[in-house]
Amino acid sequence: MVNRRLTSEELKHGSSFASMYQDLHVHIHHYANGIVTVNCARLIKPDQHATNGIVHVVDRVITAISNNVHTLIEIDDDLETLHMAIAAAGLTNILENEGQYTVFAPTNEAFEKIPTEILNRILGDPVALKDLLNYHILKHMQCAESIVSGTPMETLQGTVLEVGCDRDQMTLNGKAIITEKDRLGTNGVIHYINEVLIPDSAKTLLELAEGSSVAMATRLFVEAGLRSHLTGSEALTMLAPLDDAFKGSLTMTPGMRKLMTNHILKEQLSSKSLYHGQELETLGGLKLRVFVYRNNLCIENTCIAAHDKTGRFASMFTVDKVLTPPMGTIMDVLKADDRFSLLVGAIQVAGMTELLNQQGVLTFFAPTNDAFNTLPQAELNRLMRNRQELSAMLRYHLGESMLVSGGVGSHTRVKPLEGEKLELGVRNYTVYVNKIPVVDADLMATNGVVHAVNSIIKPLPPKVDREQADGPAAPLRSAGSSRFDSRSFRNDDLFQKVIKSRSSKMMNHSK
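These figures come from a predicted structure and were not determined experimentally. (Residues numbered from 1 in each chain as written. Predicted model: local features only at pLDDT ≥ 70, side-chain atom pairs only at ≥ 80, totals over all residues. Heavy atoms only, no water.)

Asks: I would appreciate a short explanation of the packing of helix H8 (residues 215–223) against helix H10 (residues 254–261) in the present structure.
Replies: Each pair of packed helices gets described by two things: the angle between the helix axes and the distance between those axes. Viewed as axis vectors pointing N to C, H8 and H10 meet at an angle of 110°, and their least axial separation amounts to 9 Å. One finds that H8 runs roughly perpendicular with respect to H10. Relative to H10, H8 is oriented so that their crossing is left-handed. On H10, the residues touching Ala217, Leu220, Phe221 and Glu223 of H8 are Met256, Arg257 and Met260. (Axes fitted to C-alpha atoms, helices over the stretch in contact; angles between N-to-C directions. Helix = DSSP H or I, 4+ residues; strand = E, 2+ residues; numbered from the N terminus. Parallel < 35°, antiparallel > 145°, perpendicular 65-115°, else oblique. Left-handed = near helix turned anticlockwise from the far one by under 90°. Contact = heavy atoms within 4.5 Å.)

Below, the structure is given as structure tokens:
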């Protein structure tokens, strides 16, 4: 009870009024969803006027408030570990001073659930500990009664928690881990939780990976003997392929160990800071190239598939493919693959070996042996005897820029070394170039990338729908049929009438 008449209009957000019980204050809070609380009790029927005052109906008995949030934590034996952690992190003053905070307070039991090694590491690292505790504190007061749906709310740590409800249960990040609600203090409210929330910023690389959909990559990193890098304090960035990027059964071999080592970069990076043409050094000593496209950000053949995870010392990029670092020039890639033996011979006949060995950034849509074998033998023989025509055909298959499959959108064009632009698109996860499917993409080279095709690529006819399709292109009309169509059109009665009308107007104008 308050010893004065107060209408609902006077119950402003953030206001407080001395009650008739030891002058302890009642605190009013308004929320964006229209809910109003008094000491966390929900106001359900305001402004019931009586002859001697006003009644505002609330949904529970209002409890008196005499202590600040820090004192409530300090005197509760179930929060002893939390109290010690707050003191170690230097957060005591914040929770003692004026403010309107919400603290999701892990109980002693919640801290005991954390593996001892992880808990000791965090408790011994003031920066990680402060991040962890700030992740449990909202910048504003949020009573349980104000929650009607999942809402992201900013923490003192800088990231957000999703605070929601499941029937009568209050939830955090979708989990019903709140065991006691609405312990109200003079500067905020406490909700007890039975699980400690560890933010990414307090985690090692290994902990980041274990909490993501990269279980296969995590196992391979550990089996490759890289655990010390994933749990230490080195500034690193891990490229972690999604589970479905790995095919078949995988065993640890020297080659696999080297491959996994090259999935770890020697510095902590943010994907937002990467730029086109940047080179990144791996733990294995390789230099990886960055490609920035309109629709994607890629490192060699693999592209970013999720938001960065930034840990205490290192970051993790979730990527869509297993990395295939370049191991030689385009010519080296072709020579090492039996599918391109006829193409290698054609390149040598055309005098293009040097072009494909020199430094540069080329995209080669490389015809396989199957592509050459689909040509009539007479045409193939003629092509191989005509160096100029052979060179023109091969140069039409060579794009002037570097384009990995992840950079191909619905309407992508590439300018070849000779001829009109190539039209690229994606259908059912397959890249098409001039409607020819790429059968094996992203064979990476130091001077470009090779995409295998099983057909010789030919220019698209004019006035064709540029959307990529896996059907054959419409046949070109012959010159004879075009002339026939033109004569037919000129004999049309309507066409003749238009011509006569136009001629008559011109004669009258000349007169």
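Asks: I would appreciate a short explanation of the side chain of Asp182 in the present structure.
Replies: Checked against the element boundaries, Asp182 lands in strand S11 (residues 178–185). According to the relative accessible area criterion, Asp182 is buried, its value standing at 12%. (Buried < 20%, exposed > 50% of the residue type's maximum accessible area, 1.4 Å probe, protein only.)

Asks: What is the right way to read the pairing of strand S8 (residues 151–154) from this model?
Replies: Each regular strand displays side chains that alternate between the two surfaces of the sheet. Of the pairings in the sheet, the one linking S8 to strand S9 (residues 160–166) comprises 4 bridges and is antiparallel in character. Residue pairing in the sheet places Thr151 in a bridge with Val163 of S9. The turn joining S8 and S9, which pair antiparallel and follow one another in sequence, is formed by 5 residues; a positive phi near 110° is taken by Gly158. (Pairing = 2+ DSSP bridges.)

Asks: How should H8 be read in this particular structure?
Replies: Since the α-helix advances by 3.6 residues per turn, residues separated by three or four positions end up pointing in the same direction. Among the residues of H8, those classed as buried are Ala217, Thr218, Leu220 and Phe221. Down the axis of H8, the smallest arc covering the buried residues is 165°, so these residues share one side. Elements in contact with the buried residues of H8: helix H7 (205–210), helix H9 (227–231), strand S13 (237–241), H10 and strand S14 (264–265). Phi turns positive one or two residues past the end of H8, at Gly225, with a value near 80°. (Arc of directions from axis to C-beta.)

Asks: For this particular structure, what's the right way to read the nonpolar core?
Replies: Nonpolar side chains tend to gather and get buried jointly when the protein is soluble and globular. Within the largest apolar cluster, 29 residues are counted, with the highest numbers of intra-cluster contacts made by Leu334, Leu343, Ile347, Leu356, Phe364, Leu394 and Val450. When residues of this core are traced back to their parent elements, those giving at least two are helix H11 (330–335), helix H12 (341–350), strand S21 (362–367), helix H14 (369–373), helix H15 (377–385), helix H16 (387–396), strand S26 (436–445) and strand S27 (448–453). Ranked by residues supplied to this core, first place goes to H12 with 5 residues. Residues in contact with Val450, not counting those within four places in the same chain, are Ile330, Val333, Leu334, Phe340, Phe364, Ala366, Asp440, Ala441, Asp442 and Leu443. (Core = buried A, V, L, I, M, F, W, Y, C linked by side-chain atoms within 4.5 Å.)

Asks: When you look at a negative patch on the surface in this model, what are you seeing that I'm missing?
Replies: Together, Asp77, Asp78, Glu80, Glu109, Glu112 and Glu180 give the surface a local cluster of negative charge. For Glu109, the position within the fold is in helix H4 (residues 108–112). (Patch = residues over 30% accessible without salt bridge, like charges linked within 9 Å, V, L, I, M, F, W, Y side chains within 5 Å. Areas by Shrake-Rupley, 256 points an atom, 1.4 Å probe, with all protein chains shown as cover. Salt bridge = Lys/Arg side-chain N within 4 Å of Asp/Glu carboxyl O. Lys, Arg positive; Asp, Glu negative; His and termini not counted. Charge placed at Lys NZ, Arg CZ, Asp CG, Glu CD.)

Asks: Would you take a moment to explain the sheet that holds S9 for this structure?
Replies: Taken together, the 3 strands give an open sheet; going across it, the order is S8-S9-S10, and neighbouring strands pair in antiparallel fashion. The sheet is open, and its two borders are formed by S8 and strand S10 (169–172), each paired with just one other strand. On average, each strand axis in the sheet is tilted by 30° relative to the strand beside it, whichever way the strands run. With 4 bridges connecting them, S9 and S10 associate as antiparallel partners. In the strand pairing of S10, Val163 is matched with Leu172.

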